[in-house]
Amino acid sequence: MSPHYPSDAQAKAQILAAGLKIYQRGLVAANDGNLSVRVGDNALWVTPTGVSKGAMTEDMLVKLDLDGNLLEGTRKPSSETKMHLRIYRENPDVRAVVHAHPPAATAFATAGLPLDRPVLQEAVVQLGEVPVAPFALPGSQAVADSVAPFCRTHRALLLEYHGAVTWGDTMEQAHYRLECLEQMALVTLHLKTLGCDRVMPPSLVKELEGLRPAWGIR
């Protein structure tokens, strides 16, 4: 096993912890969302289909190879697993993926509006611009194809009429990016309510982007 990958036990614990947090924060509802952690050059753990992210247990998780073949587990993997697999293939540095339906960010996704205005310092550093991937039927190969162009150039993505997906070097980073994305969407909505069109000047954006290496952000 590569030292750059978490162990199976670590990956499963990370998925359960992050799943519970996003459920408790209302970033998913019912059995929405899915999470995965890569544990080897050709292996990852992913959440099962049809289960609340707030009520998962370790035995529900499924281990797959990067072609989607079952390695361990008895459940059916999430229908959005194709999207996870494509992100890992497109960007080999990614170690974790989180897909959810955070309400404010999903409103922007439904409106077809990217979150690309620098209004929040944490979002500039953690995320940068968040574009919108075109709509594709849930669980289809088209969903995987829709995210592919963004996997190396961005850290988060809105899915038109659907939700959002984030990825990172660790599950913690991918999860934090999801929370940051929702915060960015909420602040943007509040600014619209205030009738405010103010954004950071380019010089400040550049300075904030310069902080990324110190924050462990590639």
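Brief notes about the pattern of salt bridges
- Under the counting rule described, the total for this entry stands at nine salt bridges.
- When the shortest N-O distance is used, the salt bridge between arginine 86 and glutamate 90 registers 2.9 Å. Of the two residues, arginine 86 and glutamate 90 both sit in helix α2 (residues 81–90), four residues apart, roughly one turn of that helix.
- The class for glutamate 90 is partly exposed, based on a relative accessible area of 25%.
- Arginine 218 is the partner of aspartate 93 in a salt bridge, and the nearest nitrogen-oxygen pair spans 3.9 Å. One end of the pair, aspartate 93, is in the loop between α2 and β5 (96–100); the other, arginine 218, is in the segment after α7 (202–209), with 125 residues separating them in the sequence.

A word on a nonpolar patch on the surface
- The grouping of Phe135, Leu137 and Tyr161 at the surface amounts to a nonpolar patch, some 360 Å² of accessible area in total.
- Tracing the sequence through the fold places phenylalanine 135 in the loop between β6 (132–133) and α5 (141–147).
- Overall, the relative accessible area of 41% leaves phenylalanine 135 in the partly exposed class.

Parameters and conventions
Every chain begins its residue count from 1, and numbering advances along the sequence as written. Reporting of local features is limited, given that this is a predicted model, to residues whose pLDDT is at least 70; pairs of side-chain atoms are given and counted only at 80 or more, and all residues count toward the totals for whole chains, interfaces and linings. No hydrogens and no water enter the side-chain calculation; it runs on all heavy atoms of the structure. Criterion for a salt bridge: a side-chain nitrogen of Lys or Arg within 4 Å of a carboxyl oxygen of Asp or Glu. For the purposes of this entry, the term helix denotes a DSSP run of H or I that reaches at least four residues, the term strand denotes a run of E that reaches at least two, and both are numbered from the N terminus. Three exposure classes are used, based on accessible area relative to the maximum for each residue type with a 1.4 Å probe and protein chains only: buried under 20%, partly exposed in between, and exposed over 50%. What goes into a patch is any residue over 30% in relative accessible area without a salt bridge, connected to like charges within 9 Å or, for nonpolar side chains (Val, Leu, Ile, Met, Phe, Trp, Tyr), within 5 Å. To measure how exposed things are, a 1.4 Å probe is used in the Shrake-Rupley method; for residues, cover is taken only from the protein chains shown.

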